[in-house]
Amino acid sequence: MISRDLRKSNSEFRTLPLNLSSFNTAIQHIARSHKPTTMPKDIKKIELRNLELSDYRELKASMIEAYSDIEEPQWTEGQIRSLLEKFPEGQLVILADGKVVGSALSIIVDYASLDENHSYDDVTGNYSFDTHNPEADVLYGIDVFVHPGYRGLRLGRRLYDARKELCERLNLKGILFGGRIPNYRKYADELSPRDYIRKVRLKEIYDPVLSFQLSNDFHAKKILKGYLPDDESSLEYAVLLAWNNIYYQKPQKLAALTKQVARVGLVQWQMRPFRGLEALFEQVEFFVDAVSAYQTDFVLFPELFNAPLLAGLDNLPEADAIRGLAEYTEPVRDKLREFAISYNVNIIGGSMPFIREGMLVNIGFLCRRDGTTESYEKLHVTPNEASFWGMVGGNRLAAFDTDCGRVGVLIGYDVEFPELSRLLAEEGVQILFVPFHTNTQNEFTRIQLCAKARAIENECYVAIAGSVGNLPRVSNMDIQMAQSGVFTPADFAFPGNGILTEAPPNTETTLVAELDLGLLKQLHAYGSLRNLKGRRTDLFELRKR
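(A) Main features of the sheet that holds strand β4 (residues 138-146). In spatial order, the strands read β1-β2-β3-β4-β5-β7-β6; together these 7 strands make up an open sheet with mixed pairing. The strands lining the two open edges of the sheet, one partner per strand, are β1 (46-50) and β6 (219-225). Neighbour-to-neighbour, the strand axes of this sheet turn through a mean angle of 25 degrees, independent of strand direction. For strand β5 (residues 174-180) and strand β7 (residues 237-244), the ladder comprises 7 bridges, and the chain directions are antiparallel. Paired with Gly-178 across the two strands is Leu-240, which belongs to β7.

Pasting the structure below:
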């Protein structure tokens, strides 16, 4: 048995040098280079959970595929049983449609008791894992792999993010592991291990293991000689890689670590003509890639963000053109779902026209990063939407559970009807997303002021995102204006003006904000004013029909 921590022959990620003088071009290049290339077309759900002994057969099969260049690379069932008995929380698997396609295994060790030049045998207790100490302070990674048929989906990054979350939850100082440097053999005649690591860090040399780890916030702590005696590619060298838990506290302060924080990214979308559907997908992926690089939990697109495709239908009357646009809605939904899985981010897909039982409605999709989707609808259409397009209001109002709290979505005009957000608040919504589309200052002012009011009334965060620019050949969509932002309740724990952050007006950009959900719980219980608790339900009530 040898260490396999991220010893993939083909890394899931490559870091490209960034030319600061052409930032947008470089970012688009990165986005294109990160497209999943082997994602099964029929994949329905991605799940990350703790390993169970009943997973062993599938775990073994995936390990054999992942380490096809090693003879008998798999852990034995007895070794897996031992790990599960000693530290079940530290053993993770990723499943695609119920099949084990990746895993990360770890133990907790007392770093101070490790020899400064320890080997893999030392840290695992010669594969007995007797070195695991639940009272120790460092999470030590002993293996991680992804089935080659599922690479390109950033599952390795998801496993490492889960390890970081485990480290924070257990209040450990950090994560350590010995990482191979498989390309070092090519440079050994001219570079020392130290110089090799420096050049990899400066991106002058690419190493399939070390480059990946450095891009995931790990830093080189020490060079280990003889870590893996049979590792010829690395010439028996390994790099002790470390990730520091900045939230680490002494045990008596552990309760301070229970805060929930959700990071949201808003896309202030530039309306521009596209050559076709693939060009639209490329621009969407550019923004998903750019925003998810900040490890956001949500990406919000504006209402009718796919309207630029109407330019190709300008020979049709308005009502026919918008119905032609509706034919793209399901393909766009499927692509958003693919990006949600690949970039590990929940996508609030703005809204798009849709034909249902012969009627034109305005709907959007929540595409979760686990592969599941939900739909939401615009309940109130504007007089203009009804007269120009023949659009009708939907009939579904729902709150959605996500891995970062319960959320709701109101499309544009709907945020101007306070009953809707109050119904969602009664269902426990913590974040209200409002994708909108406005043409004039007075239209935008209504959206903005109503969104701010909804945050105060319902003691929740409200995030709004709109479009900017113009579409000269598209009737009823020719001019857009927006200023995206995140609004908060108005109490002492929040900004005094109720504005957490705002984008520059009428400029294509993104906006990233962190939302402390723990503050909402404090507000509900201890706020100076308590809008939800203080309602006179003895005099009135609000309910869905």
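(B) Representation of the sheet that holds strand β15 (residues 405-409). Read from one edge of the open sheet, 6 strands run β14-β15-β16-β17-β20-β21, paired in mixed fashion. Among the strands making up the open sheet, the edge pair consists of β14 (399-402) and β21 (499-502). The average undirected angle you get between the axes of adjacent strands in this sheet is 20 degrees. Relative to β21, strand β20 (residues 485-487) runs antiparallel, the two being bridged by 3 bridges. Its bridge partner being in β21, Phe-487 is matched across the sheet by Ile-499.

(C) Spotlight on helix α5 (residues 155-169). Taking 1.5 Å as the rise per residue, α5 with 15 residues should run 21 Å; its terminal C-alpha atoms sit 21 Å apart, in good agreement. The buried count for α5 comes to 11 of 15 residues, which makes it a mostly enclosed element. Remark: Asn-171 follows α5 within two positions and exhibits a positive phi of approximately 55 degrees.

(D) Region of interest: the nonpolar core. Formed by 70 residues in total, the largest nonpolar core has its most connected members in Leu-59, Ile-80 and Tyr-140. Discounting residues that sit within four places of it in the chain, Ile-80 has contacts with Leu-51, Leu-53, Tyr-56, Leu-59, Trp-75 and Leu-105. Among the nonpolar cores identified, the runner-up in size contains 44 residues, and Val-299, Leu-313, Val-345 and Met-391 belong to it.

(E) Representation of the environment of Ile-479. On the secondary structure map, Ile-479 appears in strand β19 (residues 479-480). Once the C-alpha coordinates of Ile-479 and Asn-439 are considered, the two residues, 40 residues apart in sequence, prove to be 5.5 Å apart. Discounting residues that sit within four places of it in the chain, Ile-479 has contacts with His-437, Thr-438, Asn-439, Gly-469 and Asn-470.

(F) Molecular detail of helix α14 (residues 517-526). Among the residues of α14, those classed as buried are Leu-517, Gly-518, Leu-519, Leu-520 and Leu-523. On the buried face of α14, the contacting elements are β8 (261-271), β15, β16 (431-435), β17 (461-465) and β22 (509-516). Two or three places before Gly-518, at the start of α14, stands the capping residue Asp-516, its side-chain oxygen 3.0 Å from that residue's backbone nitrogen.

(G) Representation of the packing of aromatic side chains. Under the defined criterion, the tally for this structure stands at 23 aromatic pairs. Plain terms: the ring middles of Phe-177 and Phe-218 are 5.3 Å apart, the flat faces sit at 65 degrees to each other, and that makes the pair edge-to-face. Placement of the pair is Phe-177 in strand β5 and Phe-218 in the loop between α7 (210-214) and β6, with a sequence separation of 41 residues. Judged by centre distance (5.9 Å) and plane angle (50 degrees), the ring pair of Trp-269 and Phe-287 falls under tilted. Placement of the pair is Trp-269 in strand β8 and Phe-287 in helix α8 (residues 277-292), with a sequence separation of 18 residues.

About the thresholds
Residues numbered from 1 in each chain as written. Predicted model: local features only at pLDDT ≥ 70, side-chain atom pairs only at ≥ 80, totals over all residues. Heavy atoms only, no water. Pairing = 2+ DSSP bridges. Helix = DSSP H or I, 4+ residues; strand = E, 2+ residues; numbered from the N terminus. Axes fitted to C-alpha atoms, helices over the stretch in contact; angles between N-to-C directions. Expected span 1.5 Å × (residues − 1). Buried < 20%, exposed > 50% of the residue type's maximum accessible area, 1.4 Å probe, protein only. Core = buried A, V, L, I, M, F, W, Y, C linked by side-chain atoms within 4.5 Å. Contact = heavy atoms within 4.5 Å. Polar contact = N/O pair within 3.5 Å; in protein donor to acceptor, adjacent residues only side chain to side chain. Phe/Tyr/Trp six-rings, centres within 6.5 Å; stacked < 30°, edge-to-face > 60°.

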